[in-house]
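Fold and geometry: a report
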Amino acid sequence: MKFSVLGSGSRGNCVFVESGDTCVLIDAGFSGKEIANRLARIGREISCLDAVFVTHEHHDHIHGVGVMSRRCRIPVFANAGTYRSGGKTLTKLHKRCEFQTGDRTVFNDLEVHSFAISHDTADPVGFVVGNGEERLGICTDTGAASRLISRRLGNCTGLVLEFNHDPDMLKNGPYPESLKQRVKSSQGHLSNGDGAGLLASVLHDNLKRIVLAHLSETNNLPEIAYRAARGVICDQLAPSVLTVSEQQMPTTLYNLKS
Ligand SMILES: [Zn+2]
Ligand SMILES: [Zn+2]
């Protein structure tokens, strides 16, 4: 199984996952053109896409879902709450498929297992995408790291985890007080320390790739997030398994098998 975080942050989120002949996006928070450009940078085309799975209805996750579905003639998978709250952006689709939170959806070569997270939207989820050999866990946009989340993300060979903010930068930064409260609430976003705690709870020797994601451009720095994660993996894993994703650029297309 291969994957790339095509971009991550409050201005757009999209993860590309490939196994055999099956290619899916987890969220499509950029324009269709931007997603095509980013796929080209990792040597892929939008014509290879087979489906889009949606975590929740915030704009930075669904902006390009409709256009990708129509242009590529591919189904969209989301739960009823996300469809209901996604408004117009999630109405004109080539094909609308609904899952219930907690379902395992078998789609071609992949099984996509959704699980509940804690965020200020209708029914937000994270996903574990598996192909029978490797498992990629994706968990961003959650204000709390529950036991359920740790359980679902255990045994994953790849992880995309939220390291949203540094609490001091958030506290002393330019956000209005109401927004600061929202970010750090249990339905907001994980801080670097929270992300590190989650990572510690799911760490094992067979983890091939850990990508830190959804970093705030205002309230975080890649090196602070990296340091927090590096402190957790210590000597158990090589530092080279850690990557910090970017808002502007896709990561490498990582192979979880190698
Ligand atoms: Zn988001
Ligand atoms: Zn969100």
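Residues numbered from 1 in each chain as written. Chains lettered and ligands numbered in written order. Predicted model: local features only at pLDDT ≥ 70, side-chain atom pairs only at ≥ 80, totals over all residues. Heavy atoms only, no water.

A few points about the pattern of salt bridges
All told, the structure shown has 7 salt bridges when counted by the stated rule. For D120, the salt bridge goes to R182, with nearest N and O atoms at 2.5 Å. With D120 in the loop between strand 8 (110-116) and strand 9 (125-130) and R182 in helix 7 (residues 177-184), this residue pair connects regions lying 62 residues apart in the sequence. Residue classification places D120 among the partly exposed residues on the basis of a relative accessible area of 33%. R182 sits in the partly exposed class, given a relative accessible area of 28%. (Salt bridge = Lys/Arg side-chain N within 4 Å of Asp/Glu carboxyl O. Helix = DSSP H or I, 4+ residues; strand = E, 2+ residues; numbered from the N terminus. Buried < 20%, exposed > 50% of the residue type's maximum accessible area, 1.4 Å probe, protein only.)

A short note on the pairing of strand 9
For strand 9, the buried fraction is high: 6 of the 6 residues fall into the buried class. Both faces of strand 9 are covered, namely the face carrying V125, F127 and V129 and the face carrying G126, V128 and G130. The pairing of strand 8 with strand 9 spans 6 bridges and is classified as antiparallel. Of the residues in strand 9, the one forming a bridge with S114 is F127. In the sheet, strand 9 pairs with strand 10 (residues 135-139) via 4 bridges, with the strands oriented antiparallel. Opposite F127, over in strand 10, you have I138 as the bridge partner. Taken together, strand 9 and the strand that follows it, strand 10, pair antiparallel across an intervening segment of 4 residues, in which G132 is found at a positive phi of about 95°. (Pairing = 2+ DSSP bridges.)

Some remarks on the side chain of D166
As for its placement among the helices and strands, D166 is situated in the loop between strand 11 (158-162) and helix 6 (167-172). Despite being buried, D166 has no salt bridge partner; R227 is the closest side chain of opposite charge, sitting 7.5 Å away. In contact with D166, not counting residues within four places along its chain, are N192, N219, N220 and I224. (Lys, Arg positive; Asp, Glu negative; His and termini not counted. Contact = heavy atoms within 4.5 Å.)

Considering the environment of N192
The topology assignment puts N192 in helix 8 (residues 192-202). The exposure class assigned to N192 is buried, which follows from its relative accessible area of 4%. Remark: the alpha-carbon pair of N192 and T252, spanning 60 residues in sequence, is separated by 22 Å. Non-local contacts of N192, meaning those with residues more than four positions away in its chain, are made with F163, N164, H165, D166, N220, I224, A225 and A228. In terms of polar contacts, N192 uses its side chain to reach the side chain of N220, at 2.9 Å. (Polar contact = N/O pair within 3.5 Å; in protein donor to acceptor, adjacent residues only side chain to side chain.)

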